[in-house]
Amino acid sequence: MALSPAVTTLSENEHEVFLDVAKLLLTYADNILRYPNEEKYRSIRIGNPTFSTKLLPIKGAVECLFEMGFEEAETHLVFPRSASVEQLKLIRDSMAAEIDQRLRGEQPVQTTAQVVAPSASPSSSVPESSTAASSQPVTPPPSPQPSSLENSMSFFLTLQSNFQHVMLYENSELQQKARSHIPHQQLSSAAEDKLREAKEADPECKLGIEDYLVLELLRWFKQDFFSWVDCLPCSQCNGRTHNALPLSPTPDDISWGAQRVENHFCQNCQLATRFPRYNNPEKLLETRRGRCGEWANCFTLCCRALGLEARYIWDSTDHVWTEIYSLSQRRWLHCDSCENGCDNPLLYEIGWGKKLAYVLAFSKDQVVDVTWRYSCKHPDVLSRRTKVQEAWLLHTITGLNASRQQSLSPDRKKELTERLLVELVEFISSKKPKPGELGGRNSGSLAWRIARRETRKADAGTSTQATGYVFTPTEKEKSDRLLHVRYSVTKDQYCRVSNDSEVTQSWDHCVWSKESVFRKVENDWEMVYISRTEGSPVGTICWKFDFSPAGMKIKSFSIMASSQTFHSGKVSWNLHSGQSTTEFSGDGKMQSLQSLSGSSEFIVVAELSGGEEETSWQHSQLFRQSLKEKEKEESSFEILIHLEDA
């Protein structure tokens, strides 16, 4: 009988170690097979001395449990009712056959001693090229102090669980199911168009098609496919709910990885609306909703379904996202599907104010500690990495990667090592925040973001966060003496019409400053707009134009902006230039204003206020438009400026 990957790994331990552990694992399996209705045999307490001393430190032991079908719960490993008994029996029989073979004196699969102690965190650094060769003995790492053993076990299980979970993304049937939901041809066509435009504008452009495909996939995933859940509306009256005490998961919930079920309770109806926190990406293709865990889980699957090399990123401060490998740039790119963000790795530390400690990347081939990509404050981060010893952490991850990479070709191992070296150089280089990394979090309600300390002060209405973008004339615009900009809220992109239709994605990437505003997508009503963040009495957004560096001034000026109010909501539009302020209408019609003629710079300011009761933040809106009109060329905001020499 061919050994499973986990049993093969287990068999690499010393002969006696293998026999002791395999017999213990057989006991767990046989108890379930003999007493299928006894719940006590379906769970293993993580703190159990037998588990923590006889299984956890042994290479391949926990992998065997996961391969049998056990899943990680908060304090136990659990064999759920939905798990395949046939799979359990298959792994059990594989171990039994190896035990029998050894006891009959036949040659074991491998006799090299190689015991890997439990890791503290999925945050080990990368393996050297030699670590993939399992024939090399591994020196045991330093033992943890008794006080840190519980942390070590917890981190080790998190590491194992995530490492096992990402293998789901490699299932060909699941990838095909994901592709059936993705408008692949449409996204690829858009990516090809943008790549062609980029190369026409800059013949030296080194970006590749996968870079633009990632951007298109991020946009589609956030705008069209997945939706954010704070609290679900009441299933009876459709009113507001609040998150009450959790509910018990059903067998069906557990079969899809939902060990936790939130209770979104309606005070009016006294009715609970269930929100299972599914962890199976196949189920998420159906539900298409959740918070960052569900978003990153499903998005990473979609990336793999399109053939992109993707890693699932776990952060010990409770956030998850994705990384994509760019073949053209020869580096890994940060991708946050919740924020429609790409290549802004300092967003969390600088923009959200997160106190990072461990950030780990999981793929089918390896685990990598990528913490240093996401920080420009390395000493501060290092001071918080106190869960386990760094040497122990490195050693453990190295051993686990070696085990996972045993079946890889020499060329693939070499490729992974070369990529790793590039990453290490990136990690030690100094970083400075970019404009896109300065803002606070946009996804989720204000209360939820405040609770997680992932807002900037502006979200609480206390200060303004400047993103600092300024429109200045390009060489072509100077030559044509024309600057023409359009913004479409449905496409969420700026088009620089006067510069060969150059496109910039995301509403806040061309904003000079913003305070307590975000782009809201209502998938139920198929509407999109920019509004205040929940709980903010006032929200502002500013765009700045400056022609003085080009030695030019305004000859004529026209502007169009659309806004809409409900109840007592208010939106005011103003142009500031020097000491003068000009108010204009947001009625969606192009207006020519003479007051700016002769000026070299100005700022457009939109202020949102007013409204009634809890939903007041929705009563003043910018650029409200139907998502059904996405393909129309209709602009939500447009500025046309003819220039002359100053």
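What you see is a predicted model, and the numbers here were worked out from it, not measured in a lab.

## Focus: the pairing of strand 19 (residues 502-505)
Then, number 1: Examined bridge by bridge, strand 18 (residues 493-496) and strand 19 share 4 bridges and lie antiparallel to one another. Counterpart to Q493 in the pairing with strand 19 is Q505.

## Description of the packing of aromatic side chains
Then, number 1: Summed over the entire model, instances satisfying the criterion amount to 34 aromatic pairs.
Then, number 2: Note on W228 and W295: the rings are 6.2 Å apart at their centroids and 50 degrees apart in plane angle, and the pair reads as tilted. Of the two residues, W228 is situated in strand 4 (residues 227-228) and W295 in helix 12 (residues 292-305); the sequence distance between them amounts to 67 residues. For the pair W228 and W295, a shared accessibility class is recorded, and that class is buried.

## Some details on the packing of helix 2 (residues 15-34) against helix 5 (residues 85-103)
Then, number 1: Taken N-terminus to C-terminus, the directions of helix 2 and helix 5 make an angle of 145 degrees; their axes are 10 Å apart at the nearest point. For the element pair helix 2 and helix 5, the recorded crossing hand is left-handed. For the pair formed by helix 2 and helix 5, the contact residues are H15, F18, L19, A22, K23, L25, L26, A29, D30, I32 and L33 on the first element and V85, L88, R92, M95, A96, E98, I99, R102 and L103 on the second.
Then, number 2: Of the residues that constitute the contact of helix 2 with helix 5, the class distribution is 14 nonpolar, 1 polar and 5 charged.

## Some remarks on helix 5
Then, number 1: For helix 5, which comprises 19 residues, the first-to-last C-alpha distance of 27 Å matches the rise-based estimate of 27 Å (1.5 Å per residue) to within 8%.
Then, number 2: Its side-chain oxygen 3.4 Å from the backbone nitrogen of E86, S84 forms the N-cap of helix 5.
Then, number 3: The first or second residue beyond helix 5 is G105, which carries a positive phi of 85 degrees.

## Describing the packing of helix 7 (residues 172-181) against helix 12
Then, number 1: Running from amino to carboxyl end, helix 7 crosses helix 12 at an angle of 95 degrees, the nearest separation of the two axes being 9 Å. The orientation of helix 7 with respect to helix 12, classified from their angle, is roughly perpendicular. Along its contact with helix 7, which presents L174, Q175, A178 and R179, the element helix 12 presents L301, R304 and A305.
Then, number 2: Across the contact of helix 7 with helix 12, the residue classes break down as 4 nonpolar, 1 polar and 2 charged.

## Considering the nonpolar core
Then, number 1: Judged by nonpolar contacts, the single largest core of 94 residues is most densely connected at L10, L25, F51, L65 and M95.
Then, number 2: The element best represented in this core is helix 2, accounting for 10 residues.
Then, number 3: Residue contacts for L10: discarding those within four places in its chain leaves F18, V21, A22, L25, I58, K59, G60, A61, C64 and M95.
Then, number 4: If you look at the next biggest cluster of nonpolar residues, it comprises 38 residues, including F471, V489, Y494 and F623.

The rules we used
Residue positions are counted from 1 within each chain, in the order its sequence is given. Two thresholds apply to this predicted model, a pLDDT of at least 70 for residue-level local features and 80 or more for giving and counting side-chain atom pairs, whereas whole-chain, interface and lining totals are computed over all residues. Side-chain measures were taken over the full set of non-hydrogen atoms in the model, leaving aside hydrogen atoms and water. When DSSP locates at least two bridges between a pair of strands, those strands are taken to pair. Only DSSP runs of H or I with at least four residues qualify as helices, and only runs of E with at least two residues qualify as strands; both kinds are numbered from the N terminus onward. Each Phe, Tyr or Trp ring (for Trp, its six-membered ring) is paired with any other whose centre lies within 6.5 Å, and the angle between the two planes then decides the class: stacked below 30 degrees, edge-to-face above 60, tilted in between. Type-normalised accessible area, obtained with a 1.4 Å probe on protein chains alone, sets the label of each residue: buried when under 20%, exposed when over 50%, and partly exposed for intermediate values. Orientation is described by axes fitted as lines to C-alpha atoms, over the contacting stretch for helices, and by angles from 0 to 180 degrees between their N-to-C directions. Here a crossing is taken to be left-handed if its near helix is turned anticlockwise relative to the far helix by less than a right angle, and right-handed if that turn runs clockwise. By definition in these notes, contact holds between two residues if any of their heavy atoms fall within 4.5 Å. Basically, the charged four are Asp, Glu, Lys and Arg, the nonpolar ten are Ala, Val, Leu, Ile, Met, Phe, Trp, Tyr, Cys and Pro, and anything else, Gly included, counts as polar. What a helix should span is 1.5 Å times the count of its residues minus one. Polar contacts here mean pairs of N or O atoms no more than 3.5 Å apart (in protein, one a potential hydrogen donor and the other a potential acceptor; neighbouring residues in sequence count only if both atoms are side-chain atoms). If an angle is under 35 degrees, it is roughly parallel; if it is over 145, roughly antiparallel; if it lies from 65 to 115, roughly perpendicular; otherwise it is oblique. Each nonpolar core is a collection of buried residues, namely Ala, Val, Leu, Ile, Met, Phe, Trp, Tyr and Cys, held together in the definition by side-chain atoms within 4.5 Å.

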